[in-house]
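One-letter residues, chain by chain:
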Amino acid sequence: MSNKTKPSQTYTPVHKYRISQAIVFMVSSFLLIPFCAQTIAKSALPETAEQRDERMQWWREARFGMFIHWGVYSVPAGTYKGKQIPGIGEWIMENANIPVAEYEQFAKPFNPVKFNADQWVQIAGSAGMKYIVITSKHHDGFCLWDSKVSKYDIMDTAPFKRDILKELSVACKKHGIRLCFYHSIMDWHHPDAQAPFYPNYNDDSRTNPNFSRYVQNYLKPQLKELITNYGPLGVLWFDGEWIKDWTEQQGIDLYNYVRSLQPDIIINNRVSKGRKSMQGMTKEGYFAGDFGTPEQEIPPMGLPGVDWETCMTMNDTWGFKSYDDNWKSKEDLIRKLVDIASKGGNFLLNVGPTSEGLIPEASVERLAAMGEWMAKNSESIYGTTASPFEKLPWGRCTAKPGKLYLHVFDWPKDGELKVPMPRNDVQMAYLLAHKNRAELLLDSDDSGNLVVTVPRKAPDVIDTVVLLEMEAEAIVIPQAEDGSIVLKASDAVVRGTNARYESGGGKDNIGYWTNPDDYVIWRFKVNKTETFNVAVTLACATGSGGSEYVLAVGGQELAGTVKDTGDWTSFVTEKLGTVKITKPGTYNLSLKPKSMPRGAVMNLKSVTLVPIKK
Ligand code: FHN
């Protein structure tokens, strides 16, 4: 038998399900071209879709990142003058109406001697996080790096005198984690920004006549320091864009400025005025950066066709508060990660380190639990795309070409997992976390659902992943004018390890059929319903016969036994019996061995369905 490889296989159903969505996105994009043209004109950064896809690729594959809100606000940690201050910890300067000079007093004792960048990065990496977004400067204006543009930073005002971002940059490089910076446009400390608005720094009805000076002489120079001194960055994550002083055009200019310094950098929608919206454009026509940033929420249907990332706290605050113990459970956090990925989004999960430089133990524990789950199941998260299903009663689904990852939160008590898709679209199924990948039994029920027989007990009560390997794209064979259907070896989908199509030297067949678990499938179309005579054309060398097989089509089965034909190229046609197809449509026909008493099953040339003459 020749050593020709199997016919190339392309995978289907995920593509099939996705094609419809891609068409929707393409049509909607076409309709938005006037918008996009306007938006692109505004952004003035020439970039083809392919270039953008290349730039976004690592981020889309990463799916999971660590948000770090850390700064001077971790010193008061939610308490001011003996009172617990409501609201998120990093807003204490605003919520407690603390004057700038008084708030600066918190910077003076900020000495996080237990800070260990390597430890932080390893906690993130072990959790399965692929990027870290840290607050280089939050609204309070304090800088976690050695800025030459300001003395209000970790080197000059605080006693720590170490460049935190530099140390993180080194650790991220060492552990292969992308370093990204959060940066607040709003600045409650700078006199040309919102400092003069005290006691309501966040007063978005006011403007500062010197704001453009802040942008030119402070905001942009600091961004240049961050973008040029800490190695290649993954993302610049802007925030505080809602202030009245900040305009959409300034956002676009800042987007272009940052990309001019690092062309491959990714920038979120909060660079401009397009918050909580899709990247690229908003319904108002606002420019909205490279990805949307839903906060503390997971869009119920995701944001189909665009890049988006949910950012979320693990308790109720971004910046550390000593008394916020309202922690989300590990189950909730794992399922949120899965839910977001199943909708095509990224999950940016926050930690708020203490003033000593420690990530709270409660966060560390939860991240470790997420890491344990990711260690067995990360294939079902990284590089996946959104579920092809609208809703699944028992859990979620993520996808890759040719694969569906069924995330089962509610394990079926009867051991039968039902999926709204044709049985025939699936080649095999197994539990992702089980390295032996023992195949699960597949069937279909009367409603046309795929039924996967699973163990009675859920291997992972939080989320057990069942992997479906999809059938390759089968060519649909048309019915001939005379009503016959000829299924040739070269049109078959071959499933398994050894069997494959071979041609030349008298062969045009499925050969190398030395594994009785291997089988073949054809797909064909019936327009004229008939009762058909079914025949198989095969060859089998003397002494190799005796294999039994079953041919299945249209819910009917015909059994056959391979007889010797003299050698592997002496083909004979044998009638198997008749099948009745009563409804026009597309059908699968499979031929599967039941036994193989000798070294090979057969060389299979074709199967024919010929209408019985009335
Ligand atoms: O005001 C900030 C808040 O402190 C925090 O940084 C979040 C994180 O996305 N962003 C702003 C609120 O939307």
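Everything here concerns the structure above.
We now turn to the structure provided with this report. This structure is a prediction, so every number in the text was calculated from the model and none was measured.

**A look at the pairing of strand 15 (residues 450-453)**
Of the pairings in the sheet, the one linking strand 12 (residues 416-419) to strand 15 comprises 4 bridges and is antiparallel in character. Following the sheet pairing, Glu416 is matched in strand 15 by Thr453. Bridge analysis of strand 14 (residues 442-444) against strand 15 gives 3 bridges, and the strand direction is antiparallel. Each bridged residue has a counterpart across the sheet, and for Asp443 the counterpart in strand 15 is Val451. Adjacent in sequence and paired antiparallel, strand 14 and strand 15 are bridged by 5 residues, among which Gly448 carries a positive phi angle near 85°.

**Regarding helix 7 (residues 211-229)**
The terminal C-alpha atoms of helix 7 lie 25 Å apart, and with 19 residues this matches the ideal 27 Å at 1.5 Å per residue to within 8%. Maximum bend of helix 7: about 25°, positioned at Leu219, with proline Pro221 one to four residues after it. For helix 7, the full list of buried residues reads Phe211, Tyr214, Val215, Tyr218, Leu219, Lys220, Gln222, Leu223, Glu225, Leu226 and Ile227. Positive phi appears at Gly231, one or two residues downstream of helix 7, with a value of about 80°.

**With respect to the sheet that holds strand 8 (residues 309-312)**
Pairing between the strands of a sheet comes from backbone hydrogen bonds, and it takes one of two forms, parallel or antiparallel. Within the open sheet, the 7 strands sit side by side as 7-6-5-4-1-9-8. Their pairing is parallel. Taken across any chain shown, the strands that pair with only one partner, and hence form the sheet edges, are strand 7 (266-267) and strand 8. With 4 bridges connecting them, strand 8 and strand 9 (residues 346-351) associate as parallel partners. When the sheet's bridge partners are listed, Thr310 is paired in strand 9 with Phe347.

**Some thoughts on the site of the ligand**
Of all residues adjacent to the ligand, which total 16 residues, the nearest are His69, Glu90, His139, Asp239 and Glu295. Starting from 320 Å² of accessible surface for the ligand in isolation, the protein chains cover 94%. Tallied by class, the residues present in the shell around the ligand amount to 8 nonpolar, 3 polar and 5 charged.

**Notes on the side chain of Asp245**
The residue Asp245 is located in the loop between strand 6 (235-239) and helix 8 (248-261) in this model. Buried charge Asp245 goes without a salt bridge, the closest partner of opposite sign being Arg206 at 8.4 Å. Within polar-contact distance, the side chain of Asp245 engages the backbone nitrogen of Asn208 at 2.9 Å.

**Focus: helix 5 (residues 117-126)**
Here helix 5 has its buried residues at Ala117, Asp118, Trp120, Val121, Ile123 and Ala124. Looking at the buried positions of helix 5, the neighbouring elements they touch are strand 1 (64-68), strand 4 (131-137), helix 6 (164-175) and helix 10 (361-377). One side-chain oxygen at the N-terminal end of helix 5 lies 3.0 Å from the backbone nitrogen of Asp118; it belongs to Asn116. Within two residues after helix 5, Gly128 carries a phi angle of roughly 95°, on the positive side.

Rules and cut-offs
Numbering of residues begins from 1 in every chain and follows the order in which that chain's sequence is written. This being a predicted model, a pLDDT of at least 70 is required before a residue's local features are given, and a value of 80 or more before pairs of side-chain atoms are given or counted; all residues contribute to the totals for chains, interfaces and linings. Side-chain numbers here rest on the full set of heavy atoms in the structure, without hydrogens or water. Whether two strands pair depends on DSSP finding at least two bridges between them. Only runs of H or I of at least four residues qualify as helices and only runs of E of at least two qualify as strands under DSSP, and these elements are numbered from the N terminus. Helix span, as expected, comes to 1.5 Å for every residue beyond the first. We define the bend at each residue as the angle formed by axes fitted to the 7 residues ending at it and the 7 residues starting at it. Working definition: with a 1.4 Å probe on protein chains only, accessible area under 20% of the residue-type maximum means buried, over 50% means exposed, and in between means partly exposed. Only a single heavy atom is needed: when it lies within 4 Å of a molecule or strand, its residue is near that molecule or strand. Areas reported here follow the Shrake-Rupley algorithm with a probe of radius 1.4 Å; residue values treat only the protein chains shown as occluding. Only Asp, Glu, Lys and Arg are considered charged in this grouping, and only Ala, Val, Leu, Ile, Met, Phe, Trp, Tyr, Cys and Pro are considered nonpolar; every other residue, Gly among them, is considered polar. Positive charges are assigned to Lys and Arg, negative charges to Asp and Glu, while His and the chain termini are left out of the count. Salt bridge, as applied in this entry: a Lys or Arg side-chain nitrogen positioned within 4 Å of an Asp or Glu carboxyl oxygen. Think of a polar contact as two N or O atoms within 3.5 Å of one another; within protein, one of them needs to be a possible hydrogen donor and the other a possible acceptor, and neighboring residues in sequence only count if both atoms come from side chains. Only heavy atoms enter the contact rule, under which two residues are in contact if any of them lie within 4.5 Å.

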